[in-house]
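# Analysis of the macromolecular model
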Amino acid sequence: MRKLAIAMAKGGVGKTTTAVNLAHGLAKNGKRVLLVDCDTQGQTSKFLGVEPEYGLYEFITGRDKNGTFIPKKDTIYQSRKNLWFLAGGLRLVELKNWLGEQQRDIRQTVLKNSLLPKNGTLDYLIFDCAPSWDVLSVNILMAVDEVLCPVALQGPSMEGLKTFFGYLLSAQKLNTDLQLKYILPTMFDKRTRQSFEIMHQLKKMFAKQICEPIHYNVRLSEAPTHGQTIFEYDARAVGAIDYKKLTRRVNSNGGL
Ligand SMILES: Nc1ncnc2c1ncn2[C@@H]1O[C@H](COP(=O)(O)OP(=O)(O)O)[C@@H](O)[C@H]1O
Ligand SMILES: [Mg+2]
């Protein structure tokens, strides 16, 4: 099973867009995927157009908000063929408190140890991360082997990348399997010089990890308002073609 975190220390760079469309791209290729929303904003549910009753909080703690026992299988929501989902949202604030109360030596590996699917039941575990650095983000970076980092080709994206590298380095001290596997340039706009400049810098710095960029594409920003992935909303859009290429790249394990 491949375990990937879609992470970057900055909001609005396309993490959720990438997590959802990559997860659906892989699922459409017959891979069995579990997508986990690790952000208190809970945007991933909206992007998928679903409203599961339970999610990651109940999965990890085994309880609902009233303290009633909830079996793990009831917390995982099947959102598409081959695509299962563990919802995030505000309950994750409580989850972070709960994690904070766990014993020091096991606190950082709770997620890793509770997400142990039976061999062969899943091909991919994909985490849609929040930009913040806290006990939950540490848990995610302990539970995965690969990181995909979306970098917007506009604005002060290099700063976010630097901050994120700090996080990654401290996580790699604890999880030696953790690799920065993919750098995904997003919001590529041919009309702006900045897009080309940042792209050029990224290519120089990450020759192996760099992926083909995701273009700025209005269809990608419209799809979530319909609760659809880009493959459902407009399979012929540039955004769909870009995410299909990314799916192929990740699936072929190319790059490294
Ligand atoms: N390539 C793109 N082209 C146009 N809009 C995009 C693109 N990628 C993401 N968006 C939009 O930008 C906003 C932020 O994207 P999102 O994936 O939620 O970022 P993050 O999860 O990093 O905060 C959303 O409204 C999304 O629909
Ligand atoms: Mg997000």
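The following paragraphs examine the structure supplied in this document. Sequence order sets the numbering: in each chain, residues are counted from 1 along the sequence as written. For this description, chains carry letters from A and ligands carry numbers from 1, given in the order in which they are written. pLDDT decides what is reported in this predicted model: residues at 70 or higher carry local features, side-chain atom pairs at 80 or more are listed and counted, and totals for whole chains, interfaces and linings draw on all residues regardless. Side-chain numbers come from the whole structure's heavy atoms, not from hydrogens or water.

### Quick word on the overall build of the protein
Helix and strand assignments follow DSSP, with helices taken as H or I runs no shorter than four residues and strands as E runs no shorter than two, numbered in order from the N terminus. Scanning the protein for helices and strands turns up 12 helices and seven strands. Relative to the compact-globule value of 18 Å for 256 residues, the protein shows a C-alpha radius of gyration of 17 Å, a close match. Burial statistics for the protein: of 256 residues in total, 54% are counted as buried. Pairs of residues are marked as contacts when any of their non-hydrogen atoms sit within 4.5 Å. If you take every contact in the protein between residues at least 6 apart in sequence, the share linking residues at least 24 apart comes to 77%. In short, Shrake-Rupley with a 1.4 Å probe defines the accessible areas, and a residue's cover is counted only from the protein chains shown. As displayed, the protein offers around 12300 Å² of accessible surface, 49% of which is attributable to carbon and sulfur atoms. Averaging the coordinates of the 35 positive side-chain charges in the protein and doing the same for the 24 negative ones gives two points 6 Å apart. Only C-alpha atoms enter the radius of gyration; for comparison, a globular chain is expected to reach 2.2 Å times N to the power 0.38, where N is the number of residues. In this scheme, a residue with accessible area under 20% of its type's maximum is buried, one over 50% is exposed, and one in between is partly exposed, where area comes from a 1.4 Å probe on protein chains only. The positive count covers Lys and Arg only, the negative count covers Asp and Glu only, and His and the chain ends enter neither. In plain terms, the charge of a residue is placed at NZ if it is Lys, CZ if Arg, CG if Asp and CD if Glu.

### Regarding the pairing of strand β1 (residues 2–6)
Counting buried positions over the five residues of β1 gives four, a clear majority of the element. Pairs of strands are assigned from DSSP output, requiring at least two bridges between the strands. Relative to strand β6 (residues 146–152), β1 runs parallel, the two being bridged by three bridges. Bridging from a neighbouring strand, I6 pairs with L148 of β6.

### A short note on the packing of aromatic side chains
Two rings from Phe, Tyr or Trp (for Trp, the six-membered ring) form a pair when their centres sit within 6.5 Å of each other. Planes less than 30 degrees apart are called stacked, planes more than 60 degrees apart edge-to-face, and all others tilted. Considering all chains together, one arrives at four aromatic pairs under this definition. For the ring pair W133 and Y167, a centre distance of 4.6 Å and an interplane angle of 10° mean the geometry is stacked. One end of the pair, W133, is in the loop between β5 (124–128) and α7 (135–143); the other, Y167, is in helix α8 (residues 157–174), and 34 residues separate them in sequence.

### Digging into the site of ligand 1
Residues are counted as near a molecule or strand when any one of their heavy atoms sits within 4 Å of it. The immediate surroundings of ligand 1 are formed by 15 residues, with G12, K15, T16, T17 and N217 found nearest. Nitrogen and oxygen atoms within 3.5 Å of one another constitute a polar contact, given that in protein one can donate a hydrogen and the other can accept it, and given that sequence-neighbouring residues count only through two side-chain atoms. Here an oxygen atom of ligand 1 and a backbone polar atom of T16 are 2.9 Å apart. The contact in question runs from a nitrogen atom of ligand 1 to an N or O atom on the backbone of N217, over 2.9 Å. Contact with the protein chains covers 80% of the free accessible surface of ligand 1, which is 560 Å². Elements that contribute at least two residues to the shell around ligand 1 include exactly α1 (15–28) and α10 (218–222). Per-element tally for the shell around ligand 1: the top contributor is α1, with three residues.

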